[in-house]
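What follows is each chain in one-letter form.
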Amino acid sequence: MIAARLRDVFRSRLIWPVIALVALLVTNVIKSPGFLSIRVQDGHLFGSLIDILRNGAPIVLVALGMTLVIATRGIDLSVGAVVAISGAFALSIVGDAPDPNDLGVVLGAAAASIVFAIVLGSWNGLLVSVFGIQPIIATLILMTAGRGIAMLITEGQILTVSSAPYKVIGGGYWFALPASIIIAGVMFALVAILTRKTALGMLIESVGINPEASRLAGVSARVIVWTVYTFSAVCAAIAGLMISSNVTAADANSAGLWIEMDAILAVVLGGTSLAGGRYSLTGTLIGAFVIQTLTTTVYSIGIAPEITLVFKALVVIAVCLLQSPVMNTRITKMRMRRRRTPAVAPTRATVS
Amino acid sequence: MTATTNRPAGAEPGRGGTAGGGSDRAAGAGLLMSGRRREAGRRAAGGGTPPGGSGATGQHGIAEWLGAVVSSRYASVLVTLALLIVTFAVGSIRYEGFFSGQVALNLFVDNAFLIVLAVGMTFVILTGGIDLSVGSVVALSTMIAASLLQSGWSPPWVILIVLIVGTTLGLLVGLVIYYFDIQPFIATLAAMFLARGFCYVISTNSISIVDPFFTAMADARIPVGPGLKITPSVIVALIVVAIAFVVLHYTRTGRTVYAIGNGGPSAMLMGLPVRRTKVLVYAISGLCSAIAGVLFTFYTLSGYSLTAVGMELDAIAAVVIGGTLLTGGSGFVLGSVLGVLVLGLIQTIISFEGTLSSWWTRIVIGSLLLVFIILQRVLTLRRR
């Protein structure tokens, strides 16, 4: 019974990212025993774990949007550029306002950035769903042109604005928790409810598995694809607000640089296949925290941070290879062989 | 390299043996396929061209064939050529001193590396794939060259190592795509991040180059007429273009590249070495990226991790503007050269304009790419 339960646990798609996360945390605890401790100071929670939550929030958000895009068999390379644009746009509005510390100004700036992102996202969606351009090329256009747009907004400078309410988005606290992780959590919960408690999630998966068949079955594939790209840009924009708020600066060149890589990595680590179809939001969440913990670990155990990118690239390659159709058939064959050997075959009604 | 070329042959001895006689015929069909439109290719592959049929069609259909060539095959390239001439004319009218031979030659001088990059990209896109790693490989090449020169290696060895690294990386990407059946964009995206990561590992700072050979290559000017000069890089780029032209249009490998783009399974059924060629195009693209990296080093005389960010878009844009279909199977390497010249011309105009900031270049290139992609969609839809 316990063995069967254990096997179920190990069959789960989430087991590997969870093991990776635990292993990383254990490494950190061995290196610095106080790693897991959380203390309360001025009514706020402090500690390395809280830092991981706070710094991981942008990745969680971007990866959330990316999960849905990848589920429709697409990819969004423009998220990094959108992060840069939204930070630059919001900060330029706040900076030009007579009183940067006015809450209304900050909220207005945030809303304006999100609206801008909706425009950018629907642009991507238009190219992919109406013109039928491959997602990689369609979003590549915004990926490079977008940095140019961000440059135009900041006029080539690094914008720095000190605004207390703006600082809250990425560095502040609500109810003792970092505001950024609460924002990311709310977005995550919204998406989870919207896609898992309604048929929307299934429709997204069906579009990813076979766009033509789902169109023939009456699924409005075009609208769904359009929506996921728009949503992905909105997520990226909120992440951009967080990142620019955390450092109180908008840098058109380096804000959100390589975040598309982190997001894709989080999604594939979480067990969503890049070939589209089935996706796992929980997996993405765990994947995002694995990446953030990895980044923190690299700093805390004293590996040169430059190596992180190589390491992440290798992980992406390894996970992609494991997910590839060739490996899949090989693994299935191995399982079949193993299942045939024992005298009493384990009875399993469903094979996941 | 030997491992790659041997493997498919070894894996399919039966097919190699039986199709041995047929593969010449298949190459002939491949020629037809590259010449005609998609449907012709599908017909040849799907219907199974009768043994004598291909020769006969080749002879009496030449006049019709030429007609088809003018109406469809070069259409997109001619559009690009017209765009190039019109842009140049507009520039000449608007700006004083624009209409000169040296401005035209500078298009080559300033974009020699991009020409080479676009050549490699043409091979990949012709097979229906894409290579997103080229910009990173250029950056990696500049970093390797700069750091090796700094530690006192001699230039020929440095260049050799850069070329080997680039080709190997491309080859590995090709093998990953081939063995694991992964979409090209994911594999090359991973390679893009990997190459960028290696750059950071070498150094996060910019390394300048003081080697006499490299500085000589940067400063050398070869006179080609009264008051007209080019750099050695231009000659290298033109040689690469010439080789690519010959390979694509006059060898079986080239025809296989076109055949794959027109339909992988059909090409496979004709007994063409599809898998080997698929791996080969990524190796070619890697080699071209490395050569472009060396030329870029001549141009900038430094190595920097964050250099050439977004250059993959320039290369893809050049190829697409040059008339190569993103879905593969149709396009010309000379078209890609025209595409590079168009991009260079846009940059020249923006610098002549003076008041426009250089970030507009990215935005204009993005928009131009978009226009041409949509143009392609419209053209292919109409053909069907």
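Residues numbered from 1 in each chain as written. Chains lettered and ligands numbered in written order. Predicted model: local features only at pLDDT ≥ 70, side-chain atom pairs only at ≥ 80, totals over all residues. Heavy atoms only, no water.

1. Quick word on the overall build of chain A
Logical step 1: Looking only at helices and strands, chain A has 15 helices and six strands in total.
Logical step 2: When each of the 352 residues of chain A is scored for burial, the buried share is 49%.
Logical step 3: Across chain A, every contact between residues at least 6 apart in sequence was considered, and the portion connecting residues at least 24 apart equals 77%.
Logical step 4: On chain A, roughly 15900 Å² of surface is accessible, and the fraction owed to carbon and sulfur atoms is 68%. (Helix = DSSP H or I, 4+ residues; strand = E, 2+ residues; numbered from the N terminus. Buried < 20%, exposed > 50% of the residue type's maximum accessible area, 1.4 Å probe, protein only. Contact = heavy atoms within 4.5 Å. Areas by Shrake-Rupley, 256 points an atom, 1.4 Å probe, with all protein chains shown as cover.)

2. Describing unusual backbone geometry
Logical step 1: Residue Arg-73 of chain A is not a glycine yet carries a positive backbone phi of 70°.
Logical step 2: One can find Arg-73 of chain A in the loop between α3 (48-71) and α4 (79-96).
Logical step 3: With phi around 55°, Leu-301 of chain B is a residue other than glycine that occupies positive phi space.
Logical step 4: Looking at where Leu-301 of chain B falls in the secondary structure, it is placed in the loop between α16 (274-300) and β4 (302-303).

3. Some words on the interface of chain B and chain A
Logical step 1: Opposite the 37 residues of chain B that make contact, chain A presents 41 residues.
Logical step 2: Of the roughly 3400 Å² buried at the junction of chain B and chain A (both faces included), carbon and sulfur atoms supply 86%.
Logical step 3: In terms of surface lost to chain A, no three residues of chain B exceed Phe-180, Phe-193 and Trp-359 of chain B, which account for 20% of the buried area on that side.
Logical step 4: Between the two partners, chain B and chain A, sit zero salt bridges.
Logical step 5: At the junction of chain B and chain A, the tally comes to one residue pair in polar contact (both at pLDDT 80 or more).
Logical step 6: When residues of the side of chain B that touches chain A are assigned to their parent elements, the largest contribution, twelve residues, is made by helix α11 (residues 184-202) of chain B.
Logical step 7: Classifying every residue of the side of chain B that touches chain A by side-chain character gives 27 nonpolar, six polar and four charged. (Buried area = accessible area lost by both parts, 1.4 Å probe. Salt bridge = Lys/Arg side-chain N within 4 Å of Asp/Glu carboxyl O. Polar contact = N/O pair within 3.5 Å; in protein donor to acceptor, adjacent residues only side chain to side chain. Nonpolar A, V, L, I, M, F, W, Y, C, P; charged D, E, K, R; others polar.)

4. Considerations on helix α8 (residues 179-196) of chain A
Logical step 1: With 18 residues, α8 of chain A should reach 26 Å at 1.5 Å per residue; the first-to-last C-alpha distance of 25 Å fits that figure.
Logical step 2: Burial in α8 of chain A covers these residues: Ala-179, Ser-180, Ile-181, Ile-183, Ala-184, Met-187, Phe-188, Val-191 and Thr-195 of chain A. (Expected span 1.5 Å × (residues − 1).)

5. What to know about the confidence of the model for chain A
Residue and element names in this part refer to chain A.
Logical step 1: Of the residues in chain A, 92% reach a pLDDT of 70 or more, and the chain-wide mean stands at 83.
Logical step 2: Mean pLDDT across the elements of chain A bottoms out in helix α1 (residues 2-11) (66) and peaks in helix α11 (residues 221-246) (93).
Logical step 3: Every residue in residues 344-352 scores below 50 in pLDDT, and together they form five contacts with partners more than four places removed in sequence or on other chains. (pLDDT = per-residue confidence, 0-100.)

6. Side note on empty space enclosed by the protein
Logical step 1: One pass over the full model with this rule turns up four cavities of 30 Å³ or more.
Logical step 2: Here the second largest cavity is characterised by a volume of approximately 60 Å³.
Logical step 3: Taken together, Ile-75, Met-261, Ile-264, Leu-274 and Val-316 of chain A together with Phe-185, Ile-186, Leu-189, Ala-190 and Phe-193 of chain B form the lining of the second largest cavity.
Logical step 4: Those elements that provide at least two residues to the lining of the second largest cavity are α12 (259-269) of chain A together with α11 of chain B.
Logical step 5: With five residues, α11 of chain B is the single largest residue contributor to the lining of the second largest cavity.
Logical step 6: Of the residues assigned to the lining of the second largest cavity, the class counts are ten nonpolar, no polar and no charged. (1 Å grid on protein atoms, 1.4 Å probe; cavity = no way out; pocket = protein on both sides within 12 Å on 5 of 7 lines; lining within 4 Å. Points joined across faces, edges and corners; volume = space filled by probe spheres on them.)

7. Observations regarding the pattern of salt bridges
Residue and element names in this part refer to chain A.
Logical step 1: If you walk through the whole model with that rule in mind, you get five salt bridges over all chains.
Logical step 2: A salt bridge links Glu-205 to Arg-196, with the shortest nitrogen-to-oxygen separation between them at 3.5 Å.
Logical step 3: Residue Arg-196 is classed as partly exposed on the basis of its relative accessible area of 40%.
Logical step 4: In this structure, Glu-212 and Arg-215 form a salt bridge, with 2.9 Å as the shortest nitrogen-oxygen distance. Placement of the pair is Glu-212 and Arg-215 together in helix α10 (residues 211-216), with a separation of three residues, close to one helical turn.
Logical step 5: For Glu-212, a relative accessible area of 44% corresponds to the partly exposed category.

8. Considering the side chain of Ser-141 of chain B
Logical step 1: Considering the arrangement of structural elements, one finds Ser-141 of chain B in helix α9 (residues 134-150).
Logical step 2: Those residues in contact with Ser-141 of chain B that lie beyond four places of it in its chain are Val-162, Ser-289, Ala-290 and Gly-293 of chain B.

9. Topic: the nonpolar core
Logical step 1: Leu-132 and Ile-316 of chain B are the most contacted members of the largest nonpolar core, which has 202 residues in total.
Logical step 2: By residue number, the principal contributor to this core is helix α8 (residues 101-126) of chain B, which donates 15 residues.
Logical step 3: With near-sequence residues (within four places) excluded, Leu-132 of chain B lies in contact with Leu-77, Ile-136 and Leu-140 of chain A together with Phe-185, Thr-188, Leu-189, Met-192, Glu-312 and Ile-316 of chain B.
Logical step 4: In this structure, Ala-259, Ala-267, Met-270 and Leu-272 of chain B belong to the second largest nonpolar core, which totals six residues. (Core = buried A, V, L, I, M, F, W, Y, C linked by side-chain atoms within 4.5 Å.)

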